[in-house]
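The lines below spell out each chain.
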Amino acid sequence: MQKKNPPILVTRPSLPPVEEYETLVREIFDSRFLTNGGAQHQKLEAALTQKLEAPYLRLFTNGHLALECAIAAFGFFGGEVLTTPFTFISTAHAIERSGLTPVFCDVEPDYYTLNPAGLEARITPNTRLILPVHVYGNPCDVAAIGRVAARHSLPVLYDAAHAFGVTIGGRGVAQFGAAAMFSFHATKCFHTIEGGAVACGSAEFAELLNSYKNFGYRADDEIREIGGNAKMTEFQAAMGLLNLKYFEREIEKRGKVAARYRENLGGIEGVSFRPVPENVKQNYAYLPVTFDPATFGRTRDEVAETLRGYDIFPRKYFYPIASAAACYRERYRPEDTPVALLASERVLTLPMYADLALTDVDDICEIVAACKR
Ligand SMILES: *Cc1c(COP(=O)(O)O)cnc(C)c1O
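Sequence order as written defines the numbering, with residues in each chain counted from 1. Only residues with pLDDT of at least 70 are given local features in this predicted model, and only at 80 or more are side-chain atom pairs given and counted; all residues enter the totals for whole chains, interfaces and linings. Derived side-chain values reflect all non-hydrogen atoms in the structure, with water molecules and hydrogen atoms excluded from consideration.

Draft legend 1. Here's a closer look at the site of the ligand. If a single non-hydrogen atom of a residue is within 4 Å of a molecule or strand, that residue counts as near it. With respect to spatial proximity, 15 residues lie near the ligand, and among them Gly63, Asp159, His162, Ser183 and Lys188 are the closest. Two N or O atoms form a polar contact when they lie within 3.5 Å of each other; inside protein one atom must be a possible hydrogen donor and the other a possible acceptor, and for residues adjacent in sequence the pair counts only when both atoms belong to side chains. One nitrogen or oxygen atom from the side chain of Asp159 is found 2.8 Å from a nitrogen atom belonging to the ligand. A distance of 2.7 Å separates an oxygen atom of the ligand from a polar side-chain atom of Ser183. Only the protein chains shown count as covering a residue, and every accessible area follows the Shrake-Rupley method with a 1.4 Å probe. Contact with the protein chains removes 93% of the 380 Å² of surface that the ligand exposes when unbound. More than half of the atoms belonging to the ligand lie within 2 Å of the grid points that define the largest pocket. Here a cavity denotes grid points, spaced 1 Å and computed from the protein atoms alone, that fit a 1.4 Å probe unable to get out, and a pocket denotes an open set having protein on both sides within 12 Å along at least 5 of 7 lines; residues with an atom within 4 Å of a point are the lining. Pocket or cavity membership: a molecule qualifies when more than half of its atoms sit within 2 Å of the grid points of that site.

Below you can see the structure in the form of structure tokens.
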């Protein structure tokens, strides 16, 4: 097989027809209203509140600052946050940058989401918040996490950066916990170029989110919180409105790509996919594949290296786990979360995007299958 030209990257953002974006850009130019909650922003906020079935929803300029503003809105003064190390580093950074301390708890072995079984033992009088991640769009065990939280009167803030459009038992993931953050970065399955949102259950919390993303302003002459700047612009919101229009088609195409990968690789010993719970509607945000070196005969890193030889670039999401990152490892022991550590050594996220050709999927799978020893 020849090298891929152009190379195949782990993801490629979908874009709406450029003429449609031009139309909205003209509207923005005509309005001379570029940010601070203009017409596009208002339309997108309303549309996403409905789409995500959120009681309340506020837009942000990116997911990371959305997470920091959500943490700020709880109003803690220091303390510990129970979270997972098997996530994009943003989750841990948002906690730490908010003056709180991440306490890394292990994940469960099927979905790699925060294991509710280990949570209670890590709760101390300093615990303020539980911050689980719907990793790869696989929802956490929200019922069990909710029970632990309720027993200890702790709020839950979900990092739902990967989980746009995912439903559990027909209910949008935005409905679980006190709040949930979504990322609309260009690499996510719904994007606004850069962007994010926080869904929450109370009007009061939504007001605080507005304040924290806009310097603490509650009204023209009333500055109540020490907020920063995390506002979404009109150009981002316009991109979101168009991507939203095509979102179901996007998911349909991603579903076909995911099915093809499973069909091609599903039967190979030592290669495994995350199971799909019956009551979950997926968004196929990522294509994580786990390689067991004992039965596959090759390590995840060897498979990645082989693919790179064909100009195919998968990613090791998530390696290293947060507790093993250079900026955290002095204070943590990655071995304390053995399931997360093992996942970080074995999972490879293969290329996944809506217009990835099925023939390319077949080629990728052929290369992967040929790695087996
Ligand atoms: C992408 C991501 C974020 C950060 O979102 P940005 O929009 O890139 O700032 C946070 N958490 C997780 C799990 C992510 O994947």
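So much for the structure itself; the text now carries on.
Draft legend 2. Looking closely at the packing of aromatic side chains. Between the rings of Phe, Tyr and Trp (Trp by its six-membered ring), a pair exists once the centres lie within 6.5 Å; its type follows the angle of the planes, with under 30 degrees stacked, over 60 edge-to-face, and the other angles tilted. Enumeration over the complete set of coordinates arrives at 20 aromatic pairs. Plain terms: the ring middles of Phe164 and Phe190 are 4.3 Å apart, the flat faces sit at 15° to each other, and that makes the pair stacked. Highlighted residues: Phe164 in the loop between strand 6 (157–159) and strand 7 (167–168) and Phe190 in the loop between strand 9 (179–183) and strand 10 (196–200), separated in sequence by 26 residues. Like Phe164, the residue Phe190 is buried in the burial classification. A helix here means a DSSP run of H or I that spans at least four residues, while a strand means a run of E at least two residues long, and both kinds are numbered starting from the N terminus. To sort residues, take the accessible area from a 1.4 Å probe on protein chains only and compare it with the maximum for the residue type: under 20% means buried, over 50% means exposed, and anything in between is partly exposed.

Draft legend 3. Examining the side chain of Gln40 more closely. Mapped onto the fold, Gln40 is located in helix 2 (residues 39–51). Here a residue-residue contact requires only that any non-hydrogen atoms of the pair lie within 4.5 Å. Filtering out sequence-adjacent residues up to four positions away, Gln40 remains in contact with Leu24, Glu27, Ile28, Glu234, Ala237, Ala238 and Leu241.

Draft legend 4. How the structure looks around the sheet that holds strand 3 (residues 80–83). By this definition, two strands are paired if DSSP reports at least two bridges between them. Reading across from one edge, 4-3-5 is the order of the 3 strands in this open sheet, with parallel pairing throughout. Each edge of the open sheet carries a strand with a single partner, namely strand 4 (101–104) and strand 5 (127–131). For this sheet, the mean angle separating the axes of adjacent strands, direction not counted, is 30°. Relative to strand 4, strand 3 runs parallel, the two sharing 4 bridges. By the bridge assignment, Val81 is partnered in strand 4 with Pro102. Think of each axis as a best-fit line through the C-alpha atoms, taken over the contacting stretch in the case of a helix, with angles from 0 to 180 degrees between the N-to-C directions.

Draft legend 5. Examining the sheet that holds strand 6 more closely. If you walk across this open sheet you meet the 4 strands as 2-10-9-6, and the pairing is mixed. Of all strands in the sheet, those with a lone pairing partner are strand 2 (56–60) and strand 6, marking the two edges. Averaged over all adjacent pairs, the angle separating strand axes in this sheet is 20°, with direction ignored. Taken together, the 5 bridges between strand 2 and strand 10 define a ladder with antiparallel strand orientation. By the bridge assignment for strand 10, Leu59 is matched with Ala197.

Draft legend 6. A look at the domain arrangement of the protein chain. Partitioning the protein chain into structural domains gives domain 1 (18–245) and domain 2 (247–371). Boundaries of every domain are those given by an automatic assignment or by a domain database. The distance between the C-alpha centroids of domain 1 and domain 2 comes to 25 Å. Reported buried area values correspond to the accessible surface (1.4 Å probe) lost by two parts on association, with both partners' losses combined. Both faces considered, domain 1 and domain 2 share a buried interface measuring about 3,100 Å² in area, 62% of it formed by carbon and sulfur atoms. Of all residues in domain 1, the largest losses of buried area upon contact with domain 2 belong to Tyr112, Tyr136 and Cys189, amounting jointly to 21% of the total for that side. Note that Glu96 is salt-bridged to Arg331, the shortest N-O span being 3.1 Å. There are 18 residue pairs in polar contact (both at pLDDT 80 or more) connecting domain 1 and domain 2. For the side of domain 1 that touches domain 2, the elements supplying multiple residues, two or more each, are helix 4 (90–97), strand 4, strand 7 and helix 8 (234–245). Here the residues of the side of domain 1 that touches domain 2 sort into 22 nonpolar, 11 polar and 7 charged. Counted as salt bridges are all cases of a side-chain nitrogen of Lys or Arg within 4 Å of a carboxyl oxygen of Asp or Glu. Ten residue types, Ala, Val, Leu, Ile, Met, Phe, Trp, Tyr, Cys and Pro, are classed as nonpolar, four, Asp, Glu, Lys and Arg, as charged, and the remainder, Gly among them, as polar.

Draft legend 7. Representation of empty space enclosed by the protein within the structure. Grid points are joined across faces, edges and corners, and a volume is the space filled by probe spheres set on the points. Under the definition given, this model contains 2 cavities of 30 Å³ or more. There is about 170 Å³ of room inside the largest cavity. What lines the largest cavity is a set of 15 residues, and nearest its centre among them are Asn138, Arg262, Gln282, Tyr286 and Pro288. The residue makeup of the lining of the largest cavity, split by class, is 9 nonpolar, 4 polar and 2 charged. Residue-level mapping places the lining of the largest cavity at the junction of two domains, with at least three residues from each of domain 1 (18–245) and domain 2 (247–371). Considered as a void within the structure, the second largest cavity measures approximately 30 Å³ in volume.

Draft legend 8. Inspection of the pairing of strand 10 at higher detail. With 5 of its 5 residues buried, strand 10 lies for the most part within the structure. Alternating residues of strand 10 divide into Gly196, Val198 and Cys200 and Ala197 and Ala199, and every residue in both groups is buried. Sheet analysis places strand 9 next to strand 10, joined by 5 bridges and oriented antiparallel. Paired with Ala180 across the strands is Ala199, a residue of strand 10.

Draft legend 9. Structural context of the layout of surface pockets. One number sums up the size of the largest pocket: a volume of about 430 Å³. Lining of the largest pocket is provided by 28 residues; of these, Phe88, Ser183, His185, Thr187 and Lys188 occupy positions nearest its centre. Those elements giving two or more residues to the lining of the largest pocket turn out to be helix 3 (63–74), helix 4 and strand 9. Each of two domains, domain 1 (18–245) and domain 2 (247–371), supplies a minimum of three residues to the lining of the largest pocket. As a volume, the second largest pocket reaches approximately 330 Å³. Forming the walls of the second largest pocket are 19 residues, and the residues nearest its centre are Glu68, Ala72, Ser98, Tyr212 and Ile226. It is helix 3 that provides the largest number of residues to the lining of the second largest pocket, a total of 5 residues. Taken together, the residues that form the lining of the second largest pocket break down as 10 nonpolar, 7 polar and 2 charged.

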